[in-house]
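Structural description and commentary
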Amino acid sequence: MRVLRIIGGMDSTFGGPSVSATKSILSCSENQNYIIDLAVPRNAKYTDGENVDDIINKFSINGVTVFTEELTSWFGPLAKKYGISIKLIKWIRRHLREYDIIHCHSAWVLPSFYSIFLSKTLGIPVVLTPHESLTDFDIASSSNIFVNMIKRLGRKYIIRSVSCIIFSSELESKNTFGVPNSKRVVVNHPITENVSCSHEN
């Protein structure tokens, strides 16, 4: 079974998903039932973080193929914040059909949101690990009313579109409203990549 993981960035300044998603992918790479690829935008203008190349190399050693494209500089700081890479979006559009499952990380990065939309259109099962991005607290903390409204509407669309949502804790699950129990799964983030993985099932 081929699984495509989508992350908005691997730079350590991108936040928690860049760390926890990386550990999750590495922990799942030992499962011989899955071929795992990763698609992620890469910042060409600024330093990604001194360990990004090491992480990509570690993925390669563990059998994970990483597809990267540069962020679209036209969007300025928003490109890094929301993982905006037009080249990566085009890559996803061309290759998404090759996968059996799409696993997105974080709701409000362009590669994830676009992949959820396209997966629903193509009838491909899609899973989301939101990293708390769907909680009421996150949405209430939006920079302005317009962003708040967009996120609330977006959350409803995402909940309808995905096959399941993987929460990192019972607390995150309880604080994310509107998700049917049939779509809720709680899997704690691995603290090390040397942990067997079963939640791709």
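The next thing to look at is the pattern of salt bridges. Per the stated rule, a full pass over the model turns up 5 salt bridges. Where Arg42 meets Asp53, a salt bridge forms, and the shortest distance between an N and an O atom there is 2.7 Å. Of the two residues, Arg42 sits in strand β2 (residues 35–42) while Asp53 sits in helix α2 (residues 52–61), which places them 11 residues apart along the sequence. Within this structure, Arg2, Asp37 and Glu98 form a network of salt bridges that share partners.

Core analysis: the biggest nonpolar cluster contains 26 residues, and Leu4, Ile92, Ile102, Leu128 and Ile158 have the highest contact counts within it. Only β1 (2–6), α4 (86–95), β4 (101–105), α5 (110–122), β5 (126–129), α7 (145–161) and β6 (164–167) provide two or more residues apiece to this core. The greatest single-element share of this core, amounting to 4 residues, is contributed by α4. Setting aside anything within four residues of it in sequence, one finds Ile92 in contact with Ile6, Pro111, Tyr114, Ser115 and Leu118. Of all hydrophobic cores here, the second largest spans 20 residues; its members include Val3, Cys28, Ile36 and Val127.

Before going further, it helps to examine the pairing of β2. Most of β2 is tucked away: 6 of the 8 residues are buried. Looking at chain direction, β1 and β2 are connected through 5 bridges and run parallel. Each residue of the ladder has a partner; that of Val3, found in β2, is Ile36. Two elements, β2 and strand β3 (residues 65–70), share 6 bridges in a ladder whose sense is parallel. Across the sheet, Pro41 pairs through a bridge with Glu69, a residue of β3.

Conventions used here
- Residues numbered from 1 in each chain as written.
- Predicted model: local features only at pLDDT ≥ 70, side-chain atom pairs only at ≥ 80, totals over all residues.
- Heavy atoms only, no water.
- Salt bridge = Lys/Arg side-chain N within 4 Å of Asp/Glu carboxyl O.
- Helix = DSSP H or I, 4+ residues; strand = E, 2+ residues; numbered from the N terminus.
- Core = buried A, V, L, I, M, F, W, Y, C linked by side-chain atoms within 4.5 Å.
- Buried < 20%, exposed > 50% of the residue type's maximum accessible area, 1.4 Å probe, protein only.
- Contact = heavy atoms within 4.5 Å.
- Pairing = 2+ DSSP bridges.

Scope: geometric values only; no functional claims are made or implied.
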